[in-house]
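Each chain, written out:
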Amino acid sequence: MKYASEDQREPGVGTTAGPAASAPGPDARATPAPQAAPVSHDEQQGTRNRVARSILDHGPSTAAELALRLELTQAAVRRHLDALVAEGVVEPREQRVYGSRGRGRPAKAFALTDCGRDAFDQAYDQLASDALRWIAQSAGGGEQGEAAVAAFARARLAAQAEVYREAVDSADPEARTQALARALTADGYAATARSAPNPQLGEQLCQHHCPVAHVAEQYPQLCEAETEVFSRLLGTHVQRLATIAHGDGVCTTFVPKAGVGKAAHRAGERPHQTTTSSASTAGRNPA
């Protein structure tokens, strides 16, 4: 059987020569056995991905089944499975046996976890876009359609907002932005809070990841609803300065200090009068 390059032979298994491979004479010099080239991390990860992909394509599989499909040794497959289990990508299950059961314990079958499935391409973005498009069209399209999408976005964030509120309300007033950042990070937004370029004016809430960025490109109401939630939670008129959905590297929201005006157009500039809606530029880059 042909094996993948990283597992050409089992550890400790060499080759035997013909008659010339007899014991060397007293004057012969010992020739060191050739050493297998070390396997790079990328090669290991590539094979590990093949193992996970095979489980995705064929369903829960035993180490023997994976070894046969991928042309690897069972020992190599088990090493990769151990690593994938440690990473939470796959999990072992008792293999379902149909008909009469033979003697001995059935082999373990390995299945993808929810985390493992999420690592592969999914159609969630397309599904979400289709759903929002249907909501807009069902409401009549145009301004009515946009209002319906906005209402959905607010309702979607309502449950999240209550969880965030517990974290924010339990923090000291000067630490509320940081508390919100931690709560957002727990939801996968990789958020941080830091001083604005002019610390006297306020802070910046930065989200380095946005799970709905692709959908928000088409429906900025998602960003607008999120900004409104931030404003209510923090008790001040925040302003969205940048979004990942519109090409920026980070979603940045300016949070002014109490008494520094309702919102500053940009952190580091003198506050000036703005519209009463804190989400007037949410989801769009300010001019």
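Preceding this paragraph is the structure being described.
Novice: When you look at empty space enclosed by the protein in this model, what are you seeing that I'm missing?
Specialist: Gaps left between atoms are located by rolling a probe of water-molecule size over the structure's atoms. Scanning the entire structure with this criterion turns up 2 cavities of 30 Å³ or more. In this structure, the largest cavity occupies an estimated 80 Å³ of space. For the largest cavity, the full set of lining residues is Arg156, Leu157, Tyr189, Cys210, Val212, Leu222, Cys223 and Glu226. The set of elements that each furnish at least two residues to the lining of the largest cavity consists of helix H6 (142–169) and helix H9 (221–234). Broken down by element, the residue count for the lining of the largest cavity peaks at 3 residues, all from H9. Taken together, the residues of the lining of the largest cavity break down into 6 nonpolar, no polar and 2 charged. Empty space within the second largest cavity amounts to approximately 40 Å³. Lining of the second largest cavity is provided by Leu157, Gln160, Ala161, Tyr164, Leu184, Tyr189, Glu226, Val229 and Phe230. Those elements that provide at least two residues to the lining of the second largest cavity are H6 and H9. Here the lining of the second largest cavity takes 4 residues from H6, the largest share from any one element.

Novice: Would you mind going over the packing of helix H1 (residues 41–58) against helix H3 (residues 74–86) with me for this structure?
Specialist: Two measures define how a pair of helices packs: the angle their axes make with one another and the distance between the axes. H3 packs onto H1 with a crossing angle of 80° between their chain directions and a minimal axis gap of 10 Å. Here H1 is positioned roughly perpendicular relative to H3, judged by the angle of their axes. Contact residues: Gln44, Thr47, Arg48, Val51, Ala52 and Ile55 in H1; His80, Leu81, Ala83 and Leu84 in H3.

Novice: I tried to follow the sheet that holds strand E3 (residues 191–195) on my own but got confused; where do I start?
Specialist: Within a sheet, adjacent strands bond to each other through the backbone by hydrogen bonds, running parallel or antiparallel. An order of E3-E4-E6-E5 is seen for the 4 strands of this open sheet, with the pairing classed as antiparallel. In this open sheet, the two strands that pair with only one neighbour each are E3 and strand E5 (239–242). Put simply, the sheet's adjacent strands are angled 25° from each other on average, direction ignored. Against the sheet, helix H7 (residues 176–186) contacts E3, strand E4 (202–207) and strand E6 (251–256), and its axis sits at roughly 160° relative to E3. Contacts from H9 reach E4, E5 and E6, with the element oriented near 130° to E5.

Novice: Can you walk me through the packing of helix H5 (residues 124–138) against H6 in this structure?
Specialist: Relative to each other, H5 and H6 sit at 130°, their axes nearing to 7 Å. As the angle between them shows, H5 and H6 are arranged oblique. Considering the relative orientation of H5 and H6, their crossing is right-handed. Judged by residue contacts, Leu132, Ile135 and Ala136 of H5 engage Gly145, Ala148, Val149 and Phe152 from H6. Residues of the contact of H5 with H6, tallied by class, amount to 6 nonpolar, 1 polar and no charged.

Novice: Teacher, can you tell me more about the pattern of salt bridges here?
Specialist: Should the charged atoms of two oppositely charged side chains come close, the side chains can pair. Scanning the model with the defined rule gives 6 salt bridges in all. Arginine 48 is the salt-bridge partner of glutamate 87, the closest N and O atoms lying 3.8 Å from each other. Of this pair, glutamate 87 sits in the loop between H3 and strand E1 (90–94) while arginine 48 sits in helix H1, and the two are 39 residues apart along the sequence. Take arginine 48: its relative accessible area is 12%, and that puts it in the buried class. Taking the shortest distance from any N to any O, the salt bridge between aspartate 130 and arginine 133 comes out at 2.9 Å. In this pair, aspartate 130 and arginine 133 are both assigned in helix H5, 3 residues apart and thus about one turn of the helix distant.

Novice: Can you walk me through H6 in this structure?
Specialist: Owing to its 3.6 residues per turn, the α-helix aligns residues three or four sequence positions apart on the same side. Its 28 residues give H6 an end-to-end C-alpha distance of 38 Å, which sits within 8% of 40 Å, the value for a rise of 1.5 Å per residue. Within H6, the axis deviates most sharply at alanine 158, by approximately 40°. Inspection of H6 places Gly145, Val149, Ala150, Ala153, Leu157, Gln160, Ala161, Tyr164 and Val168 among the buried residues, and these make up the whole buried set. Considering only its buried residues, H6 is in contact with H5, H7 and H9.

Thresholds applied
Residues numbered from 1 in each chain as written. Predicted model: local features only at pLDDT ≥ 70, side-chain atom pairs only at ≥ 80, totals over all residues. Heavy atoms only, no water. 1 Å grid on protein atoms, 1.4 Å probe; cavity = no way out; pocket = protein on both sides within 12 Å on 5 of 7 lines; lining within 4 Å. Points joined across faces, edges and corners; volume = space filled by probe spheres on them. Helix = DSSP H or I, 4+ residues; strand = E, 2+ residues; numbered from the N terminus. Nonpolar A, V, L, I, M, F, W, Y, C, P; charged D, E, K, R; others polar. Axes fitted to C-alpha atoms, helices over the stretch in contact; angles between N-to-C directions. Parallel < 35°, antiparallel > 145°, perpendicular 65-115°, else oblique. Contact = heavy atoms within 4.5 Å. Pairing = 2+ DSSP bridges. Left-handed = near helix turned anticlockwise from the far one by under 90°. Salt bridge = Lys/Arg side-chain N within 4 Å of Asp/Glu carboxyl O. Buried < 20%, exposed > 50% of the residue type's maximum accessible area, 1.4 Å probe, protein only. Expected span 1.5 Å × (residues − 1). Bend = angle between axes of the 7 residues up to and from the residue.

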